[in-house]
Amino acid sequence: MNGKPVPQAVIVGAGFGGLNAALRLAHYPVRITLIDRTNHHTFQPLLYQVATAGLSPGEIAAPIRWIVRGRRNIEVLLGEVQDFDLERRLVKLPDRELPYDYLIVAAGASHAYFGHDEWEPLAPGLKTIEDALEIRRRVLLAFELAERQAASGLGQVQLNFVIVGGGPTGVELAGTLSEIARRALADEFDSIDPKRTRIILLEGGPRILPAYPEDLSRSAEEQLRGLGVEVHTSTMVTGVEPAAVRMGATSLSAVVILWAAGVAASPLGRKLGAPVDRAGRVLVNPDLSIPGHREVFVTGDLAALKDASGQMVPGVAPAAIQQGKAAASNIVRDLEGKPRKDFHYLNKGSLATIGRAAAIAQFGKIHISGFIAWLSWLFVHIFFLIGFRNRLIVLIQWAWSYFTYERGARLITGDQTLPSWPYLQQQESSPGKRTKTG
Ligand SMILES: Cc1cc2nc3c(=O)[nH]c(=O)nc-3n(C[C@H](O)[C@H](O)[C@H](O)COP(=O)(O)OP(=O)(O)OC[C@H]3O[C@@H](n4cnc5c(N)ncnc54)[C@H](O)[C@@H]3O)c2cc1C
């Protein structure tokens, strides 16, 4: 050692950005504290598989301590960061303050309900393992409650699953729920016919997957319809009720409502005092630091930055990974007395899955749909999963369910009530009160 004090880096968030920043910095003489409010890193692209009972939580998430094991200069802390003191260079947790020389904030994003937070308990979104388990609970419970009612001679309640938002998450949820109703559960109930379930995807804009070229959007819509999903574009949701979704004067009855319509950056972004965009993302400098504080970096979904072509860097895992590594490299360049480098996003292509053997992919000018796109999606996602064991298990699970249509994680945990159920029962007993389209 040359006698210089070892700098302290604090990284907030062990998602794609924070974790990759920590792993890169770990090769250098820096003390690193990695803080997350959960003890695990979640592979969000496969959350929908947990929500739809295809995979179990442990197969798509891994303990942070286990991931960084053996890196002696990384300290892992479980805790929720609440604030910062940028002048005194402190990170504030409920019970302590942590000093830093460098700070990387990689706290990601969450759902946005367009100012209607009261809709959240009625229409959960998908961002965490807990969200996925709650969605799984509601979906599976809906079939069980319908079966129980039908078994007591009261007829089959119309099961409408309504998904709000036609981005990648809404599309993958809709496609997979349709497969569950039409295939996985088709022959398992005595008193109801799960195939009569309606899966309805509502999108406010003129087309689903708007971030993709038009031909791929169209193909995705056709593939979804092929799987039995009803797709309604240019349909703006104006209200969410316990058992219905409202679109202006029209109302659609729903046993389960899922929210995939909006994203808001972590509230930690605003605590940095730097300018933010409408979604609360921090407007970072080209080297990913924030204006006026060269020692503070923001990465991933929490950062807003334009790439070389003037386009916003998208909120996707590869961008967060690249930014985490770039922020760490700039810290190392400071320590080595070298000038910092601006961040350049390398877009290796985009993939969106729709269901079994259904997906779209864009690699530059090459646009692919259907089985080949789905295979590419599958291999890319398995390749990036953390841990060889998880990769192997997920590959086997997928191969198994591809041929059998089985969904191995169909467990209902938690309570056995649905916010919609009492209202739907009332509608059944007084059909005159039914909503217009339901
Ligand atoms: C359902 C879903 C599907 C997706 N599918 C894809 C896909 O197919 N392909 C793709 O490229 N991208 C996909 N994405 C987007 C991708 O997951 C994100 O772009 C990526 O996770 C962003 O990484 P990040 O490090 O910025 O944030 P995250 O990965 O969200 O990590 C943020 C971390 O910060 C922690 N944290 C937050 N607040 C605090 C706090 N106050 N204190 C302590 N810790 C905190 C969180 O617990 C979390 O671990 C998907 C996202 C979702 C939700």
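Structure: above.
What you see is a predicted model; the values in this text were computed from it and never measured.

Cut-offs applied
- Residues numbered from 1 in each chain as written.
- Predicted model: local features only at pLDDT ≥ 70, side-chain atom pairs only at ≥ 80, totals over all residues.
- Heavy atoms only, no water.
- 1 Å grid on protein atoms, 1.4 Å probe; cavity = no way out; pocket = protein on both sides within 12 Å on 5 of 7 lines; lining within 4 Å.
- Points joined across faces, edges and corners; volume = space filled by probe spheres on them.
- Helix = DSSP H or I, 4+ residues; strand = E, 2+ residues; numbered from the N terminus.
- Pairing = 2+ DSSP bridges.
- Axes fitted to C-alpha atoms, helices over the stretch in contact; angles between N-to-C directions.
- Phe/Tyr/Trp six-rings, centres within 6.5 Å; stacked < 30°, edge-to-face > 60°.
- Buried < 20%, exposed > 50% of the residue type's maximum accessible area, 1.4 Å probe, protein only.
- Lys NZ or Arg CZ within 6 Å of the ring centre and 35° of its normal.
- Patch = residues over 30% accessible without salt bridge, like charges linked within 9 Å, V, L, I, M, F, W, Y side chains within 5 Å.
- Areas by Shrake-Rupley, 256 points an atom, 1.4 Å probe, with all protein chains shown as cover.
- Salt bridge = Lys/Arg side-chain N within 4 Å of Asp/Glu carboxyl O.
- Core = buried A, V, L, I, M, F, W, Y, C linked by side-chain atoms within 4.5 Å.
- Contact = heavy atoms within 4.5 Å.
- Expected span 1.5 Å × (residues − 1).

Chemist: Which parts of the structure should I look at to understand empty space enclosed by the protein?
Modeler: To find leftover empty space, one rolls a probe the size of a water molecule over the atoms. All chains considered together, the criterion is met by five cavities of 30 Å³ or more. Volume-wise, the largest cavity comes out at about 160 Å³. Taken together, 17 residues make up the lining of the largest cavity; nearest its centre are Gln49, Glu179, Arg356, Trp398 and Arg407. Only α2 (47–51), α6 (168–184), β23 (350–355) and α10 (388–404) provide two or more residues apiece to the lining of the largest cavity. At five residues, α6 tops the list of elements feeding residues into the lining of the largest cavity.

Chemist: I keep staring at the sheet that holds strand β24 (residues 358–363) and nothing clicks. Help me out?
Modeler: Strand order in the open sheet made by the three strands is β23-β24-β25, with antiparallel pairing throughout. Two strands in the sheet have a free side with no partner beyond their single neighbour: β23 and β25 (366–369). Shown here is a sheet whose adjacent strand axes are inclined to one another by a mean of 5°, direction ignored. Sheet analysis places β24 next to β25, joined by four bridges and oriented antiparallel. From the neighbouring strand, Phe363 faces β25, where its bridge partner is Ile366.

Chemist: Looking at this structure, how should I read the packing of aromatic side chains?
Modeler: Any two aromatic rings considered together are summarised by their centre-to-centre distance and by the angle between their planes. Tallying each qualifying case throughout the model produces 12 aromatic pairs. Seen from their ring centres, Tyr48 and Trp377 are 6.2 Å apart, and the 65° between their planes marks the pair as edge-to-face. Residue Tyr48 is found in helix α2, and its partner Trp377 is found in helix α9 (residues 371–384); the two are separated by 329 residues along the sequence. In this structure Tyr48 comes out as buried when scored by relative accessible area, which is 3%. An aromatic cluster is defined as three or more aromatic residues linked by ring pairs; in this entry it consists of Tyr113, Phe114, Trp119 and Trp259. Sitting above the plane of the Tyr402 ring, Arg356 keeps its charged end 4.0 Å from the centroid.

Chemist: Any chance you could explain the environment of Gly58 here in plain terms?
Modeler: Inspection of the secondary structure puts Gly58 in helix α3 (residues 57–60). Placed 143 residues apart in sequence, Gly58 and Leu201 show a C-alpha to C-alpha distance of 29 Å.

Chemist: Just checking my understanding: could you explain a nonpolar patch on the surface for this structure?
Modeler: Where nonpolar side chains cluster on the molecular surface, the patch consists of Phe371, Ile372, Leu375, Phe379 and Leu395 and spans about 440 Å² of accessible area. Residue contributions to the nonpolar patch peak at four residues, all from α9. Secondary-structure assignment places Ile372 in helix α9.

Chemist: I'm lost on the nonpolar core in this one. Help?
Modeler: Grouped burial of nonpolar side chains is what soluble globular proteins tend to show. Counting residues in each nonpolar core, the largest one holds 71 residues, and the members touching the most others are Leu46, Phe143, Phe161, Leu224, Val255 and Trp421. At 10 residues, the largest contribution of residues to this core is made by helix α5 (residues 129–151). Contacts of Leu46, omitting those with residues within four sequence positions, involve Leu55, Ile60, Trp377, Leu385 and Trp398.

Chemist: Looking at this model, I keep getting lost on α9. Mind explaining?
Modeler: Along an α-helix, a turn takes 3.6 residues, which lines up residues three or four apart on a common side. The terminal C-alpha atoms of α9 lie 20 Å apart, and with 14 residues this matches the ideal 20 Å at 1.5 Å per residue to within 8%. Looking at α9, one finds that the buried residues are Ala373, Trp374, Ser376, Trp377, Leu378, His381 and Ile382. Its buried side turned inward, α9 meets α2, β23, β24, β25 and α10.

Chemist: Would you take a moment to explain the pairing of β24 for this structure?
Modeler: Successive residues of a regular strand alternate their side chains across the two faces of the sheet. For β24, a buried count of five out of six residues is recorded, marking the element as mostly surrounded by other parts of the structure. Where β23 folds back onto β24 in an antiparallel hairpin, the turn is made up of two residues, including Ala357, whose phi is positive at roughly 60°. Here β24 folds back onto β25, and the loop between the two strands holds two residues, one of which, Gly364, carries a positive phi near 60°.

These figures capture arrangement, not role.
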